[in-house]
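Tertiary structure, described
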Amino acid sequence: MSAYFLDTSSFANQRERFLEAAARVEATVATYPHPMHGPRGETLSTDVATVGPADAQKRLVLVSGTHGVEGFYGSDSQIALLDNLRDHALPEGTCVVLVHLVNPWGTAWLRRVNEDNADVNRNYIDFTQAPPANIEYETLHEIYLCRDLDGPERQRADEQLATHMRDRGEARVRNIIEAGQYRHPDGVFFGGTQQTWTNRTVRQIMQAHVASARTAIAFDLHTGAGAYGHPMLMTIGERKVPAHDTAQALYGPWLYTILTAENASSDSGVAATATGYTSQALIDQLADVDLIPLVIECGTYDGARGHTLLRDDHWLHLHGDPFDATGRRIKAALLEHYYPADAHWRELIALRTRQIWQRALDALTTM
Ligand SMILES: [Zn+2]
């Protein structure tokens, strides 16, 4: 194993900082070990820190790292909240459940997907039923199998993709791809063929740490879609549920509602055609809790750039070597795409994230 992968941004470093911050506020910590290792041979886990009485009726639930590489934003935000709680007591009868890096393999390997090349945020479907079909993806799949990073095959794949976008419209093609697909484990936005480790673990965590609450507001934390430096607060669901109205009343025009369906579109940068989002797992798993499932999605660079980087990273894990110089370059670009180093970007999203959570904590006192 090697000095590659980025020295400052690693799973182990992030976990250590999270656990230190949790210890400083005397949080209760539960660890869910992951069966695989990171690029440095490091052990992987999801850690759950609970601040406040574990039997509190009201809970703020914060989930980071569904898309592994996006976890640096979520983790840093969770650490900032823990630090903030050193000087600010929680409202009575409230606890905060911080679920740290639910796709630890993806964070460690700087990937959006997990160890099965699965998009965890497409995996929360009912696998006892036939998974959603994505017929149109079939015509695009070949593009993502190309064996060159740059060279004639990649050029051909680029041309193929450009042709599809010209013929069908760029937004339509992006929708088809990002809707997820359940047939090709070597494809992109693969939703898996069974519950992933993350899926099973998140359900277990919700059962153990949230299910006994009366009321909960939950946030799944993401980056990479939307306008640069703009954290978008969202509800995502297959249909409008009563919680949407409560959330709308709570956040007013800050809240963006996305209803997903086969042919739905959205101007948010988030795929409205997809199913199997984290929110769905929380709704299913917390049937007896009065739950508001929310998403924060922080905009970074433009989507076309992101898609090229995802293609590069997909190539890297199919045909390349994540430990060589090319691998390192791709990883650095991917991390920058999902967690820009720009101090002003980070300041804005940290501020907005704190505001959103403060409003949730205030609201819980009246719920
Ligand atoms: Zn994401």
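Whatever comes next refers back to the structure up there.
Residues numbered from 1 in each chain as written. Predicted model: local features only at pLDDT ≥ 70, side-chain atom pairs only at ≥ 80, totals over all residues. Heavy atoms only, no water.

Considerations on the coordination of the zinc ion
Protein coordination of the zinc ion is provided by His 67 (ND1), Glu 70 (OE), Glu 70 (OE) and His 222 (ND1), with donor distances spanning 2.0 to 2.6 Å. For the zinc ion, the 4 donor atoms are set out with angles of 54 to 146° between them, so the coordination reads as irregular. Sequence positions of the donors to the zinc ion reduce to the motif H-x2-E-x151-H. In this pair, Glu 70 sits in the loop between strand S3 (58-63) and helix H2 (71-84) while His 222 sits in strand S5 (residues 215-223), placing the two residues 152 residues apart along the sequence. By relative accessible area, which is 2% here, Glu 70 ends up buried. With relative accessibility at 2%, the residue His 222 sits in the buried group. (Donors = N, O, S within 2.8 Å, 3.2 Å for Na, K, Ca; no water. Tetrahedral: all angles 85-135°; square planar, octahedral: opposite > 155°, others 65-115°. Helix = DSSP H or I, 4+ residues; strand = E, 2+ residues; numbered from the N terminus. Buried < 20%, exposed > 50% of the residue type's maximum accessible area, 1.4 Å probe, protein only.)

Description of the packing of aromatic side chains
The full count for this structure, using the stated rule, is 6 aromatic pairs. Between Trp 105 and Trp 109, the aromatic rings sit 5.6 Å apart at their centres with planes inclined by 25°, giving stacked as the arrangement. Its relative accessible area of 12% is what places Trp 109 among the buried residues. Their ring planes at 15° and their centres at 6.4 Å tell us that Tyr 137 and Tyr 144 sit as a pair that is stacked. Judged on exposure class, the residue Tyr 137 and its partner Tyr 144 are both buried. (Phe/Tyr/Trp six-rings, centres within 6.5 Å; stacked < 30°, edge-to-face > 60°.)

Quick notes on the environment of Thr 31
Tracing the backbone shows Thr 31 in strand S1 (residues 28-37). Every residue in contact with Thr 31, bar those within four places of it in the chain, is listed here: Arg 15, Ser 45, Thr 46 and Asp 47. Looking at Thr 31, its side chain comes within polar contact range of the side chain of Asp 47, at 2.7 Å. (Contact = heavy atoms within 4.5 Å. Polar contact = N/O pair within 3.5 Å; in protein donor to acceptor, adjacent residues only side chain to side chain.)

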